[in-house]
Amino acid sequence: MKYRVNFFVNDEPVELYVDANKTMLRVLREELALTGTKEGCGAGECGACTVIVDGKPINACLVLAPELDGKHITTVEGLAKNGELTAVQQAFVDLAALQCGFCTPGFIMSATALLNENPDPSREEIIDAISGNLCRCTGYARIIEAIELAARKGGGQA
Ligand code: FES
Ligand code: FES
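Residues numbered from 1 in each chain as written. Chains lettered and ligands numbered in written order. Predicted model: local features only at pLDDT ≥ 70, side-chain atom pairs only at ≥ 80, totals over all residues. Heavy atoms only, no water.

Some points on the overall build of the protein chain
Here is the rule we go by: The numbering of helices and of strands both runs from the N terminus, where a helix is a DSSP run of H or I of at least 4 residues and a strand a run of E of at least 2. Here the globule rule is a power law, 2.2 Å times the number of residues to the power 0.38, and the radius of gyration is based on C-alpha atoms. Accessible area is worked out with a 1.4 Å probe on protein chains only. A residue is then buried under 20% of its type maximum, exposed over 50%, and partly exposed in between.
In terms of helices and strands, the protein chain carries five helices and five strands. Along the protein chain, from the amino end to the carboxyl end, the secondary structure elements read β-β-α-β-β-β-α-α-α-α. Its C-alpha atoms give the protein chain a radius of gyration of 15 Å, within 12% of the compact-globule value 15 Å for 158 residues. Along the first, second and third principal axes, the C-alpha set of the protein chain runs to 45 × 30 × 25 Å. Put simply, the protein chain has 158 residues, and 45% of those count as buried.

Have a look at this one:
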């Protein structure tokens, strides 16, 4: 059965008819071609699919399409404006806080949500905010340092 859902992605209004058992992750990737949001585990364990929904970071693989209705969603594609990276994105680049990059959109969304709520987090608060995000390659030290740098440079946005 198809549901009609109306929501916003990256400030653009969207209306779709979707299967009720389709996840938000699949809607973003398959219906809207927003493939920056990654599927790792598909089970809420890795954080690769993290997006910001109404200001909070959530795992898009755990949300079913009918729950999209009325939501405001920000994906990694919605961060940079006019080609200018956000402080979080730039800090990941500047500190080389990634290797394969598969986990990176999820970390960036978790960090962005954190800095929007708490522009000057402690190291412990950063570690807590990214506790649902897994990285197999980079190691967490650089990722944490990048989020600290982003906080010093002006925070989250979007
Ligand atoms: S793909 Fe959603 S948490 Fe891993
Ligand atoms: S950079 Fe490869 S999984 Fe994190």
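Looking at the environment of N116
Tracing the chain through its elements places N116 in helix α3 (residues 104-117). Looking at N116, the relative accessible area reads 40%, which means it is partly exposed. As a C-alpha pair, N116 and C41 span 75 residues in sequence and 27 Å in three-dimensional space.

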